[in-house]
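Residue strings, one per chain:
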Amino acid sequence: MSNITVCARFRPLTSKEKQICDDSVCIRYTDAETFIFKDDKDEEFVFSFDRVFYEKSEQADIYQFLALPIVRDAVNAINGTIITYGQTGAGKTYSMEGPSILECDEQKKGLLPRVVEGLFDSLNPSDEDMTYSIKLSMVEIYMEKVRDLFDLSKDNIQIKESKSRGIYLPAVTEITVLDPAEALQSLSRGIANRAVGETLVVGRSLAFSNHPKHKTYRNERGQQQKSLMRSGKLILVDLAGSEKVEKTGAEGRVLEEAKTINKSLSALGNVINSLTCGLQGKASHIPYRDSKLTRILQDALGGNARTALLCCCSPSAFNASESLSTLRFGARAKHIKASPRVNCSDEKCDTASIASSPPGDESSTRILNQLRERLNVEDVKLLEELFTQEGILFDPPSVEEESEIEDLTLQTISSLQEALEKLISTVDEANSAEFNYPAIFNFGDSNSDTGDLVAGLGIQLALPYGQDYFKTPSGRFCDGRLIVDFLSNS
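Now for a description of the structure that goes with this document. As the structure is a computational prediction, the values presented were derived from the model and not from experiment. (Residues numbered from 1 in each chain as written. Predicted model: local features only at pLDDT ≥ 70, side-chain atom pairs only at ≥ 80, totals over all residues. Heavy atoms only, no water.)

### Regarding the environment of I83
Argument step 1. Looking at where I83 falls in the secondary structure, it is placed in strand 7 (residues 80–85).
Argument step 2. Along the backbone, I83 and L297 are 214 residues apart, and their C-alpha atoms lie at a distance of 9.9 Å.
Argument step 3. Discounting residues that sit within four places of it in the chain, I83 has contacts with V237, L239, L297, T307, A308, L309 and L310. (Helix = DSSP H or I, 4+ residues; strand = E, 2+ residues; numbered from the N terminus. Contact = heavy atoms within 4.5 Å.)

### Some remarks on unusual backbone geometry
Argument step 1. Even without a glycine there, the phi angle at A77 is positive, about 70 degrees.
Argument step 2. Of note, A77 is situated in the loop between helix 2 (59–75) and strand 7.
Argument step 3. Owing to a relative accessible area of 0%, A77 belongs among the buried residues under this scheme.
Argument step 4. A positive phi angle, near 55 degrees, is found at M143, a position not held by glycine.
Argument step 5. Tracing the chain through its elements places M143 in the loop between strand 8 (130–142) and strand 9 (145–148).
Argument step 6. M143 sits in the partly exposed class, given a relative accessible area of 31%. (Buried < 20%, exposed > 50% of the residue type's maximum accessible area, 1.4 Å probe, protein only.)

### Regarding the pattern of salt bridges
Argument step 1. All chains considered together, the criterion is met by nine salt bridges.
Argument step 2. Measuring nitrogen to oxygen at the nearest pair gives 2.6 Å for the salt bridge that ties K109 to E117.
Argument step 3. For K109, a relative accessible area of 13% translates into the label buried.
Argument step 4. The salt bridge partner of E140 is R147, with a shortest N-O separation of 2.4 Å.
Argument step 5. Relative accessible area serves as the criterion here: at 16%, R147 is assigned to the buried category.
Argument step 6. The structure contains a network of salt bridges with shared partners spanning E106, K109 and E117. (Salt bridge = Lys/Arg side-chain N within 4 Å of Asp/Glu carboxyl O.)

### Regarding the pairing of strand 8
Argument step 1. Counting buried positions along strand 8 yields 10 of 13 residues, so the element is predominantly enclosed.
Argument step 2. The pairing of strand 8 with strand 12 (residues 175–177) spans three bridges and is classified as antiparallel. Bridge pairing links K135 to T176 in strand 12.
Argument step 3. Sheet topology places strand 8 next to strand 9; four bridges connect them, and they run antiparallel. Pairing of I141 across the sheet is with V146, part of strand 9.
Argument step 4. Hairpin connection between strand 8 and strand 9: a loop of two residues separates the two successive antiparallel strands, and M143 in this loop has a positive phi of roughly 55 degrees. (Pairing = 2+ DSSP bridges.)

### Regarding the packing of aromatic side chains
Argument step 1. According to the stated counting rule, one finds nine aromatic pairs in the structure shown.
Argument step 2. Note on F37 and F47: the rings are 6.5 Å apart at their centroids and 85 degrees apart in plane angle, and the pair reads as edge-to-face. Here the residue F37 occupies a position in strand 4 (residues 34–38), and F47 occupies one in strand 5 (residues 44–48), the gap between them amounting to 10 residues. In this pair, the class of F37 matches that of F47, namely buried.
Argument step 3. A cation sits over an aromatic face here: R51 above F65, 4.3 Å from the ring centre. (Phe/Tyr/Trp six-rings, centres within 6.5 Å; stacked < 30°, edge-to-face > 60°. Lys NZ or Arg CZ within 6 Å of the ring centre and 35° of its normal.)

Structure below.
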């Protein structure tokens, strides 16, 4: 297991910040990994990250340290995620895209165009047995709906999960690209379709799917073929601004957008708190399903992915409160443990059968259609169920439902654990409390009379407690004493 890579970046002061607070800054440089932060109450905090990029840092430096290792891993079938986080205007989009992803100075290129070029540069075309396919998709979470930026008619895409693919968007548009120029042109069209408010940028994510499809091995006779299937997924996420709503001046619909965004970012913070503050050795519920953002990032947050987080901040004392919140978010995220692994599968098969035989699902369906002509419907349905159980027919929805059931089961178990802990705590409190009444336990059949037993002990039960329930001759009155009947039908 490895920790998330977390870096902080401070942009230069803006003219507005200089006008309000002169050149007053809230950070003091220590070294490349540590700095001292001073809040608006002059209280100092020490922060340490994997790397700190100060005002004069270059775009290329951030790519080399933060993104390049993840790009190389994605080519080798290890999932990766790169996230930018911070208040509006702190430099998130500049760090991710630069001034423009199509035409800009090489020095100012953001992470996105550099990642595109890095993916193609990292491929190994000299390996004749390896073929590659790179696809990209681009979505935006707007008002808690996942929108496809390559096809705006898909404005409410559902999120699915399967054992083999993890979290995925089944209806999202995927574009196969052959070179960096084609990829950047497609991305530019997607960026033009995104929703941008007057005071905020709505969060969006970009996914590259890298499929090194086949690496084949043959025996001496050339009859057996081993096919190595590998796939890596690289997601880039530009989150919305994390500043306070009152500071944005948002009104009307933009205000509603801001509230939805803050709710989603709060859910992200809750997930990180659950991942980092849980009791060691105890399973706890992680609220991934509380928002679309956390659901999509489920693999990136403590799952099967190598993740990097860039916390973008303003160095101005005017924005000290928002910068401190961003840095604390990064400090918590740094403790998240991830379990990235190579996504591959081996399959041995006969070379001739690959060329001549149709896929298993097609052949099974053809057989079922022929059987329907000769057998009754119930018999064919039984055969179809048997085919599915034996794996001859594959039923994709069943995998998704099974995964959802497992997830719901884990949530239920977690809730039961919490309820049990509360019950134990309540019992402990009750045991520690002073209890001056006797407790009577009666083991017997349904004809037993606890009232007679109580009378025999000489205990006088005052009215009115229990008068309507414990009637004579049994005399089962209760004034706070603990009377328990263990009755059985005999």
